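# Breakdown of the fold
As a plain string of letters, each chain reads:
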Amino acid sequence: MKWNSGRLWLRIAVYSLVSVIGLGIIAQALIIWQFNEESVRRTLAGALAQSGRRIEVSGRISPHLLPAPGLDLEQVTVTGTDGRTPFARAARVEADLAWWPLLFGTREVKAVSLTGFEVEVVRRFDGRLSVADLFQRRSNDRFQVKLDTLRLRDGQIRYNDLRSNTVRTLQSLSLDATHLRDEAQLSAGAVIDVRDRPVRLSVQTPLTIQDDQITLSALDALALSDIPGAGQSRIAAKGLYRLNLATFKARGEKLSFEVSTEKPASTLTLTLPEMNASIDRVEIPHGQLNGTLDYARSQYKLHAQLDSLTLTEAGLTTSQLGGQLAWSAGQLQVNVGLSGGLALTGLNRIRVQPLVLNAQVSTPLLPRGQLLGRLEGLLEGSLDEARLDLNASGQLDGAPITVQLTQFGFARPSHEANIALSRLDLNRYLPEAPASRVAIFQDKRPLPLEWMDFLDLNAKLAIGELAVGRFRMNDVNADLKATPYRLDVNQLSATIYEGRLEGTARLLREDTPRLEVNQTLTGMNIQPLLVDLFNFTRLEGKGNGRINLQAEGPRFIDLRDSLTGNVAMSLNRGALTGIDLVNALKNLPGEMREWNSPAQAGQKTTFSTLAADFRLESGVARNQDLTLASQLVNVSGGGKADLRQGIIDYTLDVRANPREFTKLRGINVPLKITGPIDAPVYALDFNSLVKGKKTESEKQEVLRQELKRQMTTILPTP
C-alpha cells in the first residue's frame, strides 16, 4: 500500500465524511426515537415537585439537533410553591444537551436561552424570598443541569417587598453568561423606573461558580438616567463580591460607588474597604466619602468619614459622621467642619444629631481676619421632598446666634430662616477701613455684593446691635428677602439713637447698584445720627423724621453723592451749635464780630422747636421752610446743604422775641451760614440789606443807615 497515493487519501476522506454523516443520522434518529412530547411534559411538570411547584408547557415542544441537540419549548409557566399561582412565564425556552452523555442515555442540560420572560420575586413578611427554594440542591435521575451558557432576552423581573410595601420592576432585561463551568464572563442590561423616570442599568464582570458560592471578582456596574433640564446622571459601582446562595449572604471588598451629574457638574464617591450583607442587613465598618459640585461660578468639595455604618430595611445609620465641606466662589472661601450621628430612615428621612458645625470664612474682604462660626443642634429632612431643616445655636464671630433654617431643593436650593443674633458688626466684613472709622456716607471703600450671588432666602431677622461704620442700631427686627439681584428689607423696626425706626429698604443689584429707603423716625437724638452718617455736628435735639430716598453707586460715597428724594424732620428742645444768637443780639452793637466768624466751640442757640422739609437731588439737599422757635429768638429761612462737596449755604432771618428784648422790637437780622458742613461760618447777610441797590455808594449808604438805625434803637436815649 502506497501511503503517498492520492487515491488512498481520497478514499479515506470519502469514508470519513460518510461516517460522520452516518453518525449524525444515527444521533438524530436516536434523539427522535427517544423524544416523546407527552413524556417531556410529564417530566417537566414534576421536576420541581419537591417544592410544590409545577412547570407547565402550553405551547409546542420540539427537538433540535444543531448547534447541539436539545428542546424548544413555547409558552412555559412555572407556578409558585402552591402549585397554582404563576411565578414565572416565558414565551420561548431553548435548552441544549451535551452530546456525549446523551449517547449514554443521560440528559445533561448545558445551555439555556429564555426569550420574553416575566418573573415575580416576593419578599414575605417573615423576610424570606419566594425564590429561596429554587437555590436548594436537588437530585434528578432523568436529567442533570450543568450550565455552561445562559442567555436571557426581553425579560422582566418584578420585586414586591411586602414588609416595606414597595415594588420595583426591571424591564427589557438581557443577560449573557458564558463559560460558566470555568472562568465565566457575565454581561447584563436592564431598565428600571425610579420616581417615574427610566434608569438604564448595565453590568460587566468575570464570574466564578463553586458549589453554592458565586464570586464576582471585578464587578463593573453602571446606572444612567436623563433628567430634563439637568442632563445625564450616572451611578457606577466597582469591586469584588462573593455571594453564598445557600445562606443568602454576601461580602464585598475594595468597593467604590460613584455618583455623577452633568447639570450641575458633580461627582460623589463612596469608598468601602469591606462590606458584609445578608438579605435584611448591610454592615460597613468604615468608609470614606468624597465629592465635588460646580454650580453658578462656585465649587463645593466634600470629604467625610463614616464609621460603623448599618443599612437595614428601616434605613441607614452611622455612629459617627465627620468631615469637611468647602465652598469657594472666586476668592471667597467657606470651610465647614461637621460631625454627628447620622440616621437615614427608609432611605428618605435624614437626621443628624447631635450636629456640630464649625465654619470658617476666608475672603480678601476680611483682611483683618476670618469669620468664625460654631453651631450645635439638629439637622433633619426628606430626600424625596428635597428638604432639610436645621435647628441650631452657637456663636458667629463671637456673638451668640440662634438659627432655624429650612432648605428646599439640592441642585438649586432656596431657604427660609429665623435668625436671632446678639450683635452684627458689618465693619468686619467690609474692606479695611482707615485708622479711625469715618461717617458711613464718607466711606470710599467698594460696596461688596458678591455674597448675593447664591442667595434665594426668605428670613425673619432679629439683631441685638447692628453696626456699619460709626452708625448703630439696636433691637433690629426685619423680614428679609434676598436673591442674587435684589435684597428687600420689609417690616424693619429698630431702636436708633434713643428713638424708633420703622419702614422698608431695598437694594437692587443692577449694573449700578441702587438703594431705596423709606423710613419713619420717632423720638431720635439727631446729633449722633448726623455725625455717624455725614459727620455733621452743628445740630442737637430730639424729634421725628420721615425719609424717602433713592441712591445708586458701587461705594457708600457714591450713594451719598446720588441721594435723591425727600426728608422731613421736626425737632424739640434742641440747639444750633457754633453760635449763640441770643448773646449776639444782647451785645449789639458792641459784639458785631459774633456775626462774622467761624462756629465757636461751646456756643449754641437753644430752641423749643425746629422743623424743615428737604428735597434732595444728586446729593444736594434744599429747603425753603426751615423754622426755629425759642423763648428768646425765632429763625426762618432756607438754603442748601451740598453733601457731595461737604458745604452749606443758608440764608436765615433772625428775630428776637420782643417780649424778652424790648429794644430789639422790629429788628430783623439777616444771617448767612456758609462753608464746610462740619465747620460753618456765620455772618450778617449784607447782600440782603443792599438788595436792589446798583452803585457801590448806594450800598454803603444803606448799610450805614441800617446799622445806625438799629444801633440807635438799641442804645439808650441820652
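The present account deals with the structure reproduced in this document. (Residues numbered from 1 in each chain as written. Predicted model: local features only at pLDDT ≥ 70, side-chain atom pairs only at ≥ 80, totals over all residues. Heavy atoms only, no water.)

## Brief notes about the overall build of the protein
Here is the rule: Secondary structure follows DSSP: runs of H or I at least 4 residues long count as helices, runs of E at least 2 residues long count as strands, and numbering of each begins at the N terminus. Remark: exposure states derive from per-residue accessible area (1.4 Å probe, protein chains only) relative to the maximum for the residue type, with buried under 20%, exposed over 50%, and partly exposed in between. In what follows, a contact means two residues having at least one pair of non-hydrogen atoms within 4.5 Å.
Along its length, the protein carries 8 helices and 36 strands. Looking at the 718 residues of the protein, the share that counts as buried comes to 40%. Residue pairs in contact within the protein that sit at least 24 positions apart in sequence constitute 47% of those at least 6 positions apart.

## Quick look at the pairing of strand β18 (residues 349–362)
To keep things clear, this is the line we draw: Two strands form a pair only when DSSP identifies at least two bridges running between them.
Across 11 bridges, the pairing between strand β17 (residues 332–345) and β18 is antiparallel. Bridge assignment links Leu338 to a residue of β18, and that residue is Leu357. As defined by bridge partners, β18 adjoins strand β19 (residues 371–382) across 11 bridges and the pair is classed as antiparallel. Bridging from a neighbouring strand, Asn358 pairs with Arg374 of β19.

## Some words on the environment of Leu461
Its location among the elements puts Leu461 in strand β23 (residues 457–468). Placed 44 residues apart in sequence, Leu461 and Ala417 show a C-alpha to C-alpha distance of 8.2 Å. Beyond its immediate stretch of four places on either side in the chain, Leu461 contacts Ile419, Val476, Asn477 and Ala478.

## Structural notes on the environment of Ser328
Examined against the element boundaries, Ser328 turns out to sit in strand β16 (residues 315–329). Classification of Ser328 as partly exposed rests on a relative accessible area of 22%.

## Focus on unusual backbone geometry
Pro354 follows Gln353 through a cis peptide bond whose omega is -5°. Secondary-structure assignment places Pro354 in strand β18. Its identity as a non-glycine residue notwithstanding, His179 has a phi of 55°, on the positive side. Looking at the element boundaries, His179 is found in the loop between β7 (166–178) and β8 (184–194). Even without a glycine there, the phi angle at Ala386 is positive, about 50°. Relative to the helices and strands, Ala386 resides in the loop between β19 and β20 (387–396).

## Considerations on the side chain of Ser113
Inspection of the secondary structure puts Ser113 in strand β5 (residues 107–123). Take Ser113: its relative accessible area is 17%, and that puts it in the buried class. With residues near it in sequence (within four places) discarded, Ser113 still touches Arg92, Val93, Glu94 and Arg151.

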